[in-house]
Each structure stands twice: as C-alpha cells, then as structure tokens.
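The residues making up each chain are set out below.
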Amino acid sequence: MKENYDVIVVGMGPGAIFMAYEMTKLDKNKKILLIEQGKRVEDRNCPIEKIGKCVKCKPFCNITSGFSGAGAFSDGKLSLYNKEDEDFYVGGNLHKYIGVEETKKLIDYTDKIYLDFGADDKLEGTEYKEEVGEIKKKAKKQGLTLIDIPIRHLGTEKAHDLYKKLEDYLEENNIDMLFETAVEDLIIQENEAKGVKIRNVKNKEAQAQEIYGNNVVIAVGRKGANWLVDMCEKHKIKTEAGVVDIGVRYELSDEVMKNINKYMYEGKFIGRPGPFGDKVRTFCQNPSGFVSSEVYDNNLSLVNGHSYKDRKSKNTNLAILVSHHFNYPFDKPIEYGRNVAKNLNELGNGNVVVQRLGDIYRGKRTWEEELKTNKIEPTLKSAVAGDITFALGYRTMTDILQFIRQMDKVVEGFANPENLLYAPEIKFYSNQVVIDERFETSIKGLYSIGDGGGMTRGLMMASASGVQMARNLCK
Ligand SMILES: Cc1cc2nc3c(=O)[nH]c(=O)nc-3n(C[C@H](O)[C@H](O)[C@H](O)COP(=O)(O)OP(=O)(O)OC[C@H]3O[C@@H](n4cnc5c(N)ncnc54)[C@H](O)[C@@H]3O)c2cc1C
C-alpha cells in the first residue's frame, strides 16, 4: 500500500467500482485506493439462505457491505430510460448536476460496461407498448402515474458473478483495495480534504492508521448514511434537509401481478393520495421473488426483496414507500426513520413484522397460525406475525392504505385481504450533501457520489455517478 494517493474512495459499492473502472481507462498513472469495511465479493454470503433466519452477521451485514455494496445481493435491475423522456423519474438526481442529455449518454456508456462484464443483453419492458399504454390510462384515472422504462435484469446470482469479474479487473489494473477496513474519520485541514483514518474491523485493538490523498471521494451508500451524518456534523460539511422513505414490502400472488410482470417486469407507480398528498411509490418489484431482510446500523432489521434468474416463488413482492420531509423545528429524517424501525423491530422481537392486509382493515394483529393457511405464503420465513399499525405512523399508514385502494382499481386483486405487508422497509439517505456540478462538497478535494450523499437511488445511477466522478477528476 502506498502512503500518498491521488484518489482515496470510501466504500466499494457500484459508485466506487465504476469510478475506479473509468479511472483505469482515463489515466493509468493515477494512484487509486478503495477502502471497504465489508468483505471481497466472493466471501460474501447471507446465512438466511441456508438456515432461514437472519443471524445479524458481525461486524457487518453481508447483504449491504462488501465489494459491490448493496449491489451484490440486489436483484440487479438496471433502470435505463426512454429516449423521448425529457426528465428522469427513477434512480436519483444525477441529471440535476450534469443535465438530462448528458445523463442519458452516461447511462448508455455505463450500461455497455455492464454488458461487457456479462450482463444479459435482453431488455425487459420494451415489447408491449400498447398493453402498457392501457395500464397507464387506467392508472391516470386513479391519479397514479405509471413510469415504464426499459430494465436490464441481472438477477441476484448473476450480479455476484459480474461484480467478481469487475473486482478481478480492478486488481489486474493496479487499483489498490483494502477490505474489512472501516474509514473512521476524514482528515480535513483548513477546509481541505487530506486523507482518511482507517481501522481494521477484525482487530479492535489495532491502532487507527492515517492515509493521505489529494482527493477523497465518499461513496458509502445507504449503509454509510449514519456515518456520513456524523462526518458532516464534525467537519461542517454543508448539507440540506433530506428525505426518508418509509413503508412496507408488499407480497401478493404472481397471478394478480401477471400482466405487470409480463409487460414491464417492474411497474413503477407513483401517486399522491389524500388527505396528505405525500409522494407514494412502488419500488423494486420482484416477480416470482423472495422477501429478504437486511441489517443496518444499530442492529436494525429492515425488509427488502429480490428475485433470482433461476429460483422462483409463486409471489411477487414490491416496496410501497412514502417520502417524508422534515425541516422545522425537527430536521432529522434519519432519526425519525430509525425510531420507526426500532419500534417495529421491538414488536417483532428483533425481526421484521408481517401482517395481512385484511387484518389491518379488521383492526387486529395477524397470528402465526393464520399465516399457515393464508393463500399468500410468506417467503421471508424469519418475519414475525404481528401488527405493524402499532409502529408505522398514522400518516404513513393512511398513505399506504389509500395507495393500495387506488392500485386495486388498476390491478384487480392488489387489495386482496390475504396480501402481506412486511415492515419496516425504510430507505435511509443521508441529509442531502451539498455538492457542485463536479460533485465537490463544501470541503475542497472532498467529493460525494452514489446513494450515500443523497444523489442517487439505484444501481444504474450510482454506477453512472462513479463514471462521471472519474471524468471530473481527470478533467
Ligand atoms: C436487497 C437489495 C436489493 C436491491 N435491488 C436493486 C435493484 O434491483 N435495482 C436497483 O437499481 N437498486 C437496487 N438496490 C439498491 C442498490 O443496490 C443501491 O442503489 C446501490 O448499490 C448504491 O450504490 P452505492 O455505490 O452508492 O452504495 P452501496 O452499494 O451501498 O455501497 C456502499 C459501500 O460503502 C461501504 N461503507 C459504508 N461506510 C463505510 C466506511 N465508513 N468505511 C468503509 N466502507 C464503508 C459499505 O459497506 C458498502 O459496501 C437494492 C438494494 C438492496 C439492499
């Protein structure tokens, strides 16, 4: 390991990986170091697959940490765009910094890298324009917008292989990588980034070490959102109040979702149901998929979902998320989300809680016995039957129930009483880190990319933000 780098990157999610990849193309002489608290991609595995329950891997959850970050076990749905669209509706706000047309070009370029490393060249959601048009019309009548964009689906197990190839490529091209090493602090002097303080996570007794670099890029994803909040407070990095997305993972039969699954693979519906008018959206839809759980900071168990290319269930799962903003006098969206998650975990004895939709309408909890005969068999076996309405706020709950009613008029059976709601599904973004068009923060030489600082919200945009970061640094 060298002592002085041109660029140090915190995290090894898609943002960091694609930044390093692009650096190898633009300037082979630059000395780059990537630092990741989790493991190499080939050493990451989630025991839930084998033993059916989350064991809260220490020191870090294998689903969210390690080479390729939250991307390794993600379903690998790369959200592309429609040529005729004048804006981006999913994936984040990269286009706000570099413009819509430039973002489209960047996504084409990044998609090509995914293809070069083994992504399937088939695109989902491009064949059935007429059928999708009909669903769009129905949605519009209910006040819902349907976003249909082409999706490239890697599949969880294929994503692993693809990222392994990228890991090998970066090593072969002299990118230094430190695994199982946490960045504890940033070294900032006179408002300029100078390096990072790191510590080996396997040896708590080990001394913290300082590494210096001319530029430091923060690419810590949602997993690092907490750490980033602390860094912003400590080093006075400028932020603005962000958003927290709170909701449920909804599981229903493939049969009900068959048209959406067939025509689009993933239908992204957005609404603003009354009386609050909050933004409610579906996200991360997994046909014939499996609900999963992941562990975040402070041991919080959150729900998520994925689907495999080869292994199938009979259920589709998707997130229904409500965006909540806070500014005055309370301006801590992460804190709010964490409290909601904590309460739900307590109700579930440390686990995700699952409840039938019909039980919510009936005003009762769900019992484990009732799930055994429920038509929709839960795919997350570690979820505990209970009552999510005790912990999800009135506003969030009302938004979700109202949205489900609207969706039922677009997709018959969407409000079937036997459908399942798992909670908490929460997307933590750090308070939005203020960055300029080169992604530089208010600290000279300190940059922020990907999901962590709030710029992106998905694999493709996070990856593309990395490519652009490399270009910014090489200009
Ligand atoms: C189960 C699941 C399914 C998903 N499915 C999809 C999908 O189908 N499509 C889609 O577009 N998106 C999906 N996502 C979201 C997607 O994975 C993320 O948007 C994307 O990975 C963000 O990339 P990133 O580089 O910003 O951060 P991340 O991928 O989160 O990587 C950040 C990395 O930084 C590391 N880190 C954090 N703090 C520190 C520190 N202090 N020191 C050292 N390392 C640190 C973390 O361990 C992590 O490995 C899914 C996510 C999950 C969890």
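Residues numbered from 1 in each chain as written. Predicted model: local features only at pLDDT ≥ 70, side-chain atom pairs only at ≥ 80, totals over all residues.

1. A word on the overall build of the protein
As a reminder of what qualifies: Put simply, DSSP marks the helices as runs of H or I at least four residues long and the strands as runs of E at least two long, and each gets a number from the N terminus on. Only C-alpha atoms enter the radius of gyration; for comparison, a globular chain is expected to reach 2.2 Å times N to the power 0.38, where N is the number of residues. Whether a residue is buried, exposed or partly exposed follows from its count of other C-beta atoms within 10 Å of its own C-beta, namely 20 or more, 12 or fewer, or something in between, respectively; the C-beta atoms are built from the backbone.
Along the protein, the regular secondary structure elements total 13 helices and 21 strands. Computed over C-alpha atoms, the radius of gyration of the protein comes to 22 Å, within 12% of the 23 Å expected from 2.2 N^0.38 for 475 residues, which places it in the range of a compact globule. Judged by the C-alpha coordinates and their principal axes, the protein covers about 60 × 50 × 45 Å. Counting over 475 residues, the protein shows a buried share of 53%.

2. Points about the site of the ligand
Spelled out, the test is: To decide nearness, the C-beta atom of each residue is placed from the backbone, and the residue is near a molecule or strand if that atom lies within 6 Å of it. Gly counts as polar in this scheme, as do all residues outside two lists: the nonpolar Ala, Val, Leu, Ile, Met, Phe, Trp, Tyr, Cys and Pro, and the charged Asp, Glu, Lys and Arg.
Taken together, 46 residues sit near the ligand, with G11, G13, G69, G221 and G450 positioned nearest. Breaking the shell around the ligand down by element, the ones donating at least two residues are α1 (14-26), β3 (77-79), β7 (181-189), β14 (290-296), β15 (300-306) and α13 (459-474). Its residues placed into classes, the shell around the ligand shows 17 nonpolar, 21 polar and eight charged.

3. Overview of the nonpolar core
Put simply, the test is: The term nonpolar core refers to a set of buried Ala, Val, Leu, Ile, Met, Phe, Trp, Tyr and Cys residues connected through C-beta atoms within 7 Å. An automatic or database domain assignment provides the domain bounds reported here. A residue pair is marked as a contact if its C-beta atoms, positioned from the backbone, fall within 7 Å.
Counting residues in each nonpolar core, the largest one holds 143 residues, and the members touching the most others are V9, M19, A20, L34, V217, Y422 and A423. Among the elements that line this core, the one with the most residues is α13, at nine residues. When residues of this core are assigned to domains, at least three map to each of domain 1 (4-119 + 154-238 + 432-474) and domain 2 (243-428). In this structure A20 touches V9, I32, L34, L170 and I175, once residues within four positions along its chain are discounted.

4. Some thoughts on the environment of R395
Looking at the secondary structure, you find R395 in helix α12 (residues 394-408). For the pair formed by R395 and F276, sequence separation is 119 residues and the distance between their alpha carbons is 7.4 Å.

5. Examining the sheet that holds strand β17 (residues 353-356)
Keep this limit in mind: At least two DSSP bridges between two strands are required for those strands to pair. Every axis corresponds to a line fitted to the C-alpha atoms, with the helix fit spanning only the stretch in contact, and the corresponding angles, defined between N-to-C directions, vary from 0 to 180 degrees.
In space, the eight strands of this open sheet follow the order β4-β12-β13-β16-β11-β19-β17-β18, with mixed pairing throughout. Unpaired on one side and paired on the other, β4 (145-147) and β18 (384-385) mark the two borders of the sheet. Two elements, β4 and strand β12 (residues 268-271), share three bridges in a ladder whose sense is antiparallel. When the sheet's bridge partners are listed, I147 is paired in β12 with K268. The sheet strands contacting helix α8 (residues 254-264) are β11 (243-253) and β16 (315-325), and the helix crosses β11 at an angle near 115 degrees.

6. Quick look at the packing of helix α4 (residues 100-116) against α13
What counts here: Roughly parallel refers to an angle under 35 degrees, roughly antiparallel to one over 145, roughly perpendicular to one between 65 and 115, and oblique to any angle outside these ranges.
Here α4 crosses α13 at 100 degrees, and the two axes come no closer than 9 Å. In terms of their interaxial angle, α4 and α13 are classed as roughly perpendicular. Along the contact surface, α4 presents L106, I107, Y109 and T110, while α13 presents M460, S463, A464, V467 and Q468. Grouping the amino acids of the contact of α4 with α13 by side-chain chemistry returns six nonpolar, three polar and no charged.

7. A word on the domain arrangement of the protein
The domain boundaries assigned to the protein delineate domain 1 (4-119 + 154-238 + 432-474) and domain 2 (243-428). Every contact between the two is made by 22 residues of domain 1 and, on the other side, 21 residues of domain 2. Looking at side-chain class alone, the side of domain 1 that touches domain 2 contains eight nonpolar, six polar and eight charged residues.

8. Description of the packing of α1 against α13
The test is simple: The sense of a crossing depends on the near helix, which, turned anticlockwise from the far helix by less than a right angle, makes the crossing left-handed and, turned clockwise, makes it right-handed.
In contact at an axis separation of 7 Å, α1 and α13 are set at 40 degrees when each is read in the N-to-C sense. Overall, the two elements α1 and α13 adopt an arrangement that is oblique. The chirality of how α1 crosses α13 is right-handed. Residues P14, G15, A16, I17, F18, M19, E22, M23 and L26 of α1 lie in contact with α13, whose contacting residues are L459, A462, S463, S465, G466, V467, M469, A470, R471 and C474. Residues that form the contact of α1 with α13 fall into these classes: 13 nonpolar, four polar and two charged.

9. Here we look at α8
An α-helical segment advances 3.6 residues per turn. Residues three or four places apart therefore align on the same side. Restricting attention to buried positions, one finds in α8 the residues V256, M257, I260, N261, Y263 and M264. Here the buried face of α8 lies against α5 (129-141), β11 and β16. Taken from the residues just after α8, Y265 is the one with a positive phi, measuring 65 degrees.

10. Comments concerning the environment of G277
Looking at the element boundaries, G277 is found in the loop between β12 and β13 (280-286). Taking the C-alpha atoms as reference, G277 lies 22 Å from I135; in sequence the two are 142 residues apart.

11. Observations regarding unusual backbone geometry
In this model, G274 is joined to P275 through a cis peptide bond whose omega is -5 degrees. Structurally, the position occupied by P275 is in the loop between β12 and β13. Of the consecutive residues A423 and P424, the connecting peptide bond is found in the cis state with omega at 5 degrees. Relative to the elements of secondary structure, P424 occurs in strand β19 (residues 420-428). With a phi close to 45 degrees, E190 is a non-glycine residue in the positive phi region. Along the polypeptide, E190 turns up in the loop between β7 and β8 (192-200). Notably, Y265 is not glycine yet its phi reads approximately 65 degrees, a positive angle. Here Y265 falls in the buried class, since 21 other C-beta atoms lie within 10 Å of it.

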